[in-house]
Amino acid sequence: MNPNGFGKKLNHLFPMSKKEDEFKQIYQDSRDKIYRLCLSFVGNKADADDLFQDIYIKVWNNIGSFRKESNINTWIYRVATNTALVQLNRNSKLNKRHSTIKSENVERELEDHDINPYSEEKLSKLHQAIFSLKKMDRIITHLLLEDSSYNEIAEITGLSISNVGVRINRIKIALAKKMK
């Protein structure tokens with residue numbers, strides 16, 4: 001971390017625990033996907049940063065309760081989506097107003113994270129269309145864009161696999177209409 005290697009010296013005196021090692025690996029493997037999920041939920045960097053931090057605090061606090069009955073990534077997505085939904089519900093109750101997303105903000109946030117859009121105009125329109133979806137449909141869309149299987153999406157969202165398939169078809173139709 002710092003140039004004189006002080007952090008390395010401390011690691012020899014106080015070795016990382018198994019929990020810290022596991023968390024560090026989980027964080028490195030999932031941080032980009034989870035940050036994109038945060039951005040898709042809130043639409044701006046400041047709120048995405050807060051949500052991202054809240055998610056990883058919950059992952060840290062609950063890593064010991066992970067029973068390894070499913071894939072760790074599925075568990076992290078479940079923690080992330082539940083945290084995001086709780087935060088969105090809390091914010092909507094506090095604000096009692098509908099927030100809108102500006103395409104410039106999304107483009108700027110995506111550029112900050114080295115995502116190269118095919119066409120800025122199309123990408124902006126797509127993000128606006130996705131953001132206008134219901135919360136659960138946004139989650140499903142994000143997971144689908146992250147190459148999650150129907151099985152994984154069902155496990156993360158708590159829906160049946162057939163319901164996931166039906167919702168994805170409806171989402172595709174809705175997005176196609178909004179993109180015209």
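So, here is what we can say about the structure in this document. Keep in mind that this is a model prediction, so the values were computed, not measured. (Residues numbered from 1 in each chain as written. Predicted model: local features only at pLDDT ≥ 70, side-chain atom pairs only at ≥ 80, totals over all residues. Heavy atoms only, no water.)

### Thoughts on the overall build of the protein chain
Scanning the protein chain for helices and strands turns up nine helices and zero strands. Secondary structure of the protein chain in N-to-C order comes out as α-α-α-α-α-α-α-α-α. A total of 180 residues make up the protein chain; the buried ones form 35% of that total. Partitioning the contacts of the protein chain with sequence separation of at least 6, the portion at a separation of at least 24 is 63%. When the accessible surface of the protein chain is totalled, it reaches about 11,900 Å², and 51% of it is carbon and sulfur. (Helix = DSSP H or I, 4+ residues; strand = E, 2+ residues; numbered from the N terminus. Buried < 20%, exposed > 50% of the residue type's maximum accessible area, 1.4 Å probe, protein only. Contact = heavy atoms within 4.5 Å. Areas by Shrake-Rupley, 256 points an atom, 1.4 Å probe, with all protein chains shown as cover.)

### Remarks on the nonpolar core
Among the nonpolar cores identified, the biggest contains 39 residues, and I34, C38, F41, L51, I55, Y56 and V59 are the most heavily contacted of them. Of all the secondary-structure elements, those providing two or more residues to this core are α2 (18-42), α3 (45-62), α4 (72-95), α6 (120-131), α7 (135-145), α8 (150-157) and α9 (161-179). The leading source of residues in this core is α2, at nine residues. With near-sequence residues (within four places) excluded, F41 lies in contact with L51, A84, L85, L88, F131, R138 and I139. (Core = buried A, V, L, I, M, F, W, Y, C linked by side-chain atoms within 4.5 Å.)

### Focus: α9
In a regular helix each residue adds 1.5 Å, so 19 residues correspond to 27 Å; α9 covers 27 Å between its end C-alpha atoms and thus fits that length. When α9 is considered as a whole, its buried residues turn out to be V164, G165, I168, I171 and L175. An end-on view of α9 places all buried positions within 125° of arc, on one side of the element. Among the exposed residues of α9, those pointing more than 90 degrees away from its buried face are S162, R170 and K177. (Expected span 1.5 Å × (residues − 1). Arc of directions from axis to C-beta.)

### Details of the environment of R36
Tracing the chain through its elements places R36 in helix α2. R36 sits twelve residues away from A48 along the chain, and the two C-alpha atoms are 8.5 Å apart.

### Some thoughts on α3
Compared with the 26 Å implied by 1.5 Å per residue over 18 residues, the 25 Å span of α3 between its first and last C-alpha is a close match. Every buried residue of α3 is listed here: A48, L51, F52, I55, Y56 and V59. Burial along α3 is one-sided: seen end-on, the buried residues are contained in an arc of 130°.

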